[in-house]
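# Structural overview for review
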Amino acid sequence: MNEEIIKLDAVDDYNRLFGLETLHPLVNVVDLSEATRFPARFTVSYGIYALFLKETKCGDIRYGRQTYDYQEGTITSFAPGQVSSVEMLEGVRPMARGIVFHPDLIKGTSLGQEIRSYSFFSYSSREALHLSEDEKTIILDCLSKIRMELAHPIDKLSKRLIARNIQLLLDYCMRFYNRQFVTRSEANRDVLTRFEQLLDDYFQSGKTQTEGIPTVRYFAEKVFLSPNYFGDLLKKETGKSPQEHIQAKLMDQAKEMLLGTRKSVSQIAYDLGFQYSQHFNRLFKKNMGVSPNEYRRLPGH
């Protein structure tokens, strides 16, 4: 099945897909119960930001081995550059409310400067946010305020107020994701344990010599998470980013090899996956305060 990919480069492209009215060229608060068109199956490439609260109940949704803990509403979000496929169940009309907005809307605003900090835009759909009833009410209230602003005649404050209300909406989503990381802590610890095993295996199996220093993406894929979600989960659970964990493991291995073998520093650098021993020397000194050779000569070693 080679279906055509629909490019959503403008808010109007999205509105046309579902037969919705365009009130503002750069933003729309969407209520799919008002849609006049219902494509059953489609793939879209986003050139705009989109965030939806889906309210259709579709039985148990699973998250790894865990069943989702919230069923009332699910939030998914997309950023420019992402591709998403949707397949509607036969006879089910989409029940979703949300917002679509063009990057130009937030240029020159505080949201424009901070949009990259909302890492959940890069989470995959199975890492969706699950809301309680109270949380859902807050999200719908934010959407309602933006919708009222869109109905208001455009004036000098329109763009700023719309952007600020979108930022408020995203801040609440961030807060609720933080809550979800806590309520999912048991599942998150499973991921953390698996990551630690994978990290040990990677270094002990000599993969560094053939594949180089492991990337965050490598481990995220192994635990079936997007790199952003994986990174945020680790940061919440351990206070350290995946990069910091990988680097700490590298340093442990380096110290062990410096003291436990007679290999040259450049051989150790190569064994650990560094292309150039200068990079290894710099990183080691930055972390340990001394060069690899100086570390070897420290008293007591």
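The sections below set out a description of the structure shown in this document. Keep in mind the model is a prediction, meaning the values are calculated, not measured. Residue numbers run consecutively from 1 along every chain, following the written order of its sequence. The predicted nature of this model means local features are confined to residues of pLDDT at least 70 and side-chain atom pairs, given and counted, to a pLDDT of 80 or more, with totals for whole chains, interfaces and linings taken over all residues. Based on all heavy atoms of the structure, the side-chain values leave hydrogens and waters out of the count.

Only DSSP runs of H or I covering at least 4 residues are called helices, and only runs of E covering at least 2 are called strands; the numbering of each starts at the N terminus. Looking only at helices and strands, the protein chain has twelve helices and ten strands in total. Oriented by its inertia axes, the alpha-carbon framework of the protein chain measures out at about 75 × 45 × 40 Å. A simple rule labels every residue: compare its accessible area, found with a 1.4 Å probe on the protein chains alone, to the largest value its type can have, and call it buried under 20%, exposed over 50%, or partly exposed in between. Evaluated residue by residue, the protein chain yields a buried proportion of 45% over its 301 residues. The contact criterion used throughout is that any non-hydrogen atoms of two residues lie within 4.5 Å. Here the analysis covers contacts within the protein chain between residues at least 6 apart in sequence; of these, 74% occur between residues at least 24 apart. Per element, the accessible surface of the protein chain, about 16500 Å² overall, is 49% carbon and sulfur. Taken as two groups, the 40 positive and 38 negative side-chain charges of the protein chain have centres that lie 6 Å from each other. Each accessible area is a Shrake-Rupley estimate made with a 1.4 Å probe; only the visible protein chains count as cover when residues are assessed. Positive charges come from Lys and Arg alone, negative charges from Asp and Glu alone, with His and the N- and C-terminal ends not counted. To locate a charge, take NZ of a lysine, CZ of an arginine, CG of an aspartate or CD of a glutamate.

Side chains of residues three or four places apart in an α-helix project in the same direction, reflecting 3.6 residues per turn. To estimate how far a helix should reach, multiply one less than its number of residues by 1.5 Å. The terminal C-alpha atoms of helix α8 (residues 227-238), which comprises twelve residues, lie 16 Å apart, in line with the 16 Å expected from a rise of 1.5 Å per residue. Of all the positions in α8, only Tyr229, Phe230, Gly231, Asp232, Leu233 and Leu234 are classed as buried. Of the residues one or two after α8, Gly239 is the one with positive phi, at around 80°.

A few words now on the pairing of strand β2 (residues 27-31). Counting buried positions along β2 gives five out of five residues, so the element sits mostly inside the fold. Residues Val27, Val29 and Asp31 of β2 are buried on one face, and the alternating residues Asn28 and Val30, pointing to the opposite face, are buried as well.

Now for unusual backbone geometry. The backbone of Phe224 shows a phi angle near 60°, a positive value even though the residue is not glycine. In this structure, Phe224 sits in the loop between α7 (216-222) and α8.

What follows is about the sheet that holds strand β4 (residues 49-54). Pairing between strands requires that DSSP locate at least two bridges from one strand to the other. Taken together, five strands build an open sheet; the order of strands is β2-β9-β4-β7-β10 and the sheet is antiparallel. Bordering the open sheet on either side are β2 and β10 (129-131), each of which pairs with just one other strand. Taken over all neighbouring pairs, the strand axes of this sheet differ in orientation by 15° on average, direction set aside. Pairing of β4 with strand β9 (residues 96-101), which is carried by six bridges, proceeds in the antiparallel orientation. If you follow Ala50 over to β9, its bridge partner there is Val100. Here an angle of 0 to 180 degrees is reported between the N-to-C directions of two axes, which are lines fitted to C-alpha atoms, with helices fitted over the stretch in contact. In this fold helix α1 (residues 11-18) packs onto β2, β4 and β9, with an angle of close to 25° to the strand it touches most, β2. Sitting on the sheet, helix α4 (residues 158-183) is in contact with β2, β4, β7 (73-78), β9 and β10, with an inclination near 90° to β10.

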